[in-house]
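# Structural features, examined
Given next are the chains, with one letter for each unit.
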Number of protein chains: 2
Amino acid sequence: MYKVKVYITLRESVLDPQGTAVQQSLHSMAYNEVKDVRIGKYLELSLEKSDRDVDQVVKEMCEKLLANTVIEDYRYEVEEVVAQ
Amino acid sequence: MYKVKVYITLRESVLDPQGTAVQQSLHSMAYNEVKDVRIGKYLELSLEKSDRDVDQVVKEMCEKLLANTVIEDYRYEVEEVVAQ
């Protein structure tokens, strides 16, 4: 079994209106030290072992479904979980 | 300057219909090794140094605005960025 953590973020050049809204809310709550907020997605997947390479599978899933690579970047971590 | 990464996830006991939908899509694309998908949020904040403790500030912001602690858990990492 593998536990995969996927982080999907907007590319640097893409505006993040949701982040801007959160930043404005934080300012209105007197957290003026906040200078930038960017909001992305965080996915946790559990994968069974198969005859395919786990790295290859995760990359494909990100490219095809999980991330929109035109405007988003992704990175992931794979951790092998040993059944007790 | 601090760079803060916040991970917000649904609590274990809370259903995740968005995750279930993504899992079903992955199955329909023949990624049958995927046994579970949970979707959360990932935030990157830039904070200026202030006379308040950064840990305390981040905790407060999470509790008050960023996470809904009734159904969500959060964790965060603070990294100090030194201006070049």
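Please read these numbers as outputs of a predicted model, since none were measured by experiment. (Residues numbered from 1 in each chain as written. Chains lettered and ligands numbered in written order. Predicted model: local features only at pLDDT ≥ 70, side-chain atom pairs only at ≥ 80, totals over all residues. Heavy atoms only, no water.)

## Digging into the interface of chain B and chain A
Accessible area lost on assembly of the parts is the figure often given for the size of an interface. Rule in force here: By definition, residues are in contact when any of their heavy atoms lie within 4.5 Å. Buried area adds together the accessible area that both of two parts lose upon being put together, with accessible area traced by a 1.4 Å probe. The rule for a salt bridge is simple: a side-chain nitrogen of Lys or Arg has to be within 4 Å of a carboxyl oxygen of Asp or Glu. In protein, a polar contact means a hydrogen-donor-capable atom and an acceptor-capable atom, both N or O and within 3.5 Å, with residues adjacent in sequence counting only if both atoms are side-chain atoms; elsewhere, any N or O pair within 3.5 Å suffices. Every helix listed is a DSSP run of H or I at least four residues long, and every strand listed is a run of E at least two residues long, numbered separately from the N terminus. Pairs of strands are assigned from DSSP output, requiring at least two bridges between the strands.
Facing the 36 residues of chain B at the interface are 36 residues of chain A. In total, chain B and chain A occlude about 3100 Å² of area from one another, counting both sides; carbon and sulfur atoms represent 62% of this. Considering only the surface of chain B that becomes buried against chain A, B:Tyr31, B:Glu33 and B:Tyr42 emerge as the three largest contributors, covering 23% of it. At the surface where chain B touches chain A, the tally comes to four salt bridges. B:Arg52 is paired through a salt bridge with A:Glu33; the nearest N and O atoms lie 2.9 Å apart. Connecting chain B to chain A are 22 residue pairs in polar contact (both at pLDDT 80 or more). Where the side of chain B that touches chain A is concerned, the elements lending two or more residues are β1 (2-10), α1 (17-28), β2 (34-47) and α2 (54-66) of chain B. The element that contributes the greatest number of residues to the side of chain B that touches chain A is β2(B), accounting for 14 residues. Where strand β2 (residues 34-47) of chain A meets β2(B), 13 bridges bridge the pair, whose relative direction is antiparallel.

## Quick word on the relation of the copies chain B and chain A
For clarity, the threshold we go by: The copies were overlaid by least squares, fitting only the C-alpha atoms of residues that reach a pLDDT of 70 or more in each copy.
Screw-axis analysis of chain B against chain A gives a translation of 0.0 Å along the axis, an RMSD of 0.0 Å, and a rotation angle of 180°. Seen this way, the second copy is the image of the first under a two-fold rotation axis. Among all residues of chain B, the minimum C-alpha distance to the rotation axis is found for B:Lys41, at 2.3 Å.

## Some thoughts on the pattern of salt bridges
Residue and element names in this part refer to chain A. A complete count under the given rule lists 10 salt bridges over all chains for this structure. Put simply, Lys 64 and Glu 60 hold a salt bridge, and the shortest N to O gap is 3.8 Å. Note that Lys 64 and Glu 60 are positioned in helix α2 (residues 54-66) at a spacing of four residues, about one turn of the helix.

## Topic: the packing of helix α1 (residues 17-28) of chain A against α2(B)
Our working definition: Whenever a helix is involved, its axis is fitted only over the stretch in contact; in every case the axis is a line through C-alpha atoms, and angles between N-to-C directions fall within 0 to 180 degrees. Each angle is binned into one of four classes, with values under 35 degrees roughly parallel, values over 145 roughly antiparallel, values of 65 to 115 roughly perpendicular, and all other values oblique. Crossing handedness is read from the near helix: turned anticlockwise from the far helix by less than a right angle, it gives a left-handed crossing, and turned clockwise, a right-handed one. Gly is put with the polar residues, along with every residue not named as nonpolar or charged; the nonpolar set is Ala, Val, Leu, Ile, Met, Phe, Trp, Tyr, Cys and Pro, and the charged set is Asp, Glu, Lys and Arg.
Two elements in contact, α1(A) and α2(B), have axes whose closest approach is 11 Å; the angle formed by their N-to-C orientations is 110°. The orientation of α1(A) relative to α2(B) falls into the category roughly perpendicular. Both α1(A) and α2(B) take part in a crossing whose hand is right-handed. Each of A:Val22, A:Ser25 and A:Leu26 in α1(A) lies in contact with α2(B), whose residues at this interface are B:Met61, B:Leu65 and B:Leu66. Taken together, the residues of the contact of α1(A) with α2(B) sort by class into five nonpolar, one polar and no charged.

## Some thoughts on the packing of aromatic side chains
Filter applied, for reference: Ring geometry is summarised as follows: Phe, Tyr and Trp rings, the Trp one being its six-membered ring, pair when their centres sit within 6.5 Å, and such pairs are stacked at plane angles under 30 degrees, edge-to-face over 60 and tilted between the two. In this scheme, a residue with accessible area under 20% of its type's maximum is buried, one over 50% is exposed, and one in between is partly exposed, where area comes from a 1.4 Å probe on protein chains only. Counted as over-ring charges are cases with an Arg CZ or a Lys NZ within 6 Å of the ring centre that also lie within 35 degrees of the ring normal.
Using the criterion set out here, one finds five aromatic pairs over all chains in the structure. When the ring of A:Tyr42 is compared with that of B:Tyr7, the centres are 5.5 Å apart and the planes differ by 65°; the resulting orientation is edge-to-face. Linking A:Tyr42 in strand β2 with B:Tyr7 in strand β1, this pair reaches from one chain into another. Across this residue pair, the class does not change: A:Tyr42 and B:Tyr7 are buried. Look at B:Tyr7 and B:Tyr42: their rings are 5.4 Å apart centre to centre, the planes differ by 35°, and that puts the pair in the tilted class. Placement of B:Tyr7 in strand β1 and of B:Tyr42 in strand β2 is noted, with a sequence separation of 35 residues between them. Look at B:Tyr7 and you get buried, because its relative accessible area is 4%. Joined through ring pairs, the aromatic side chains of A:Tyr7, A:Tyr42, B:Tyr7 and B:Tyr42 make up one cluster. Over the ring of A:Tyr7 we find A:Arg75, and its NZ or CZ is 4.3 Å from the ring centre.

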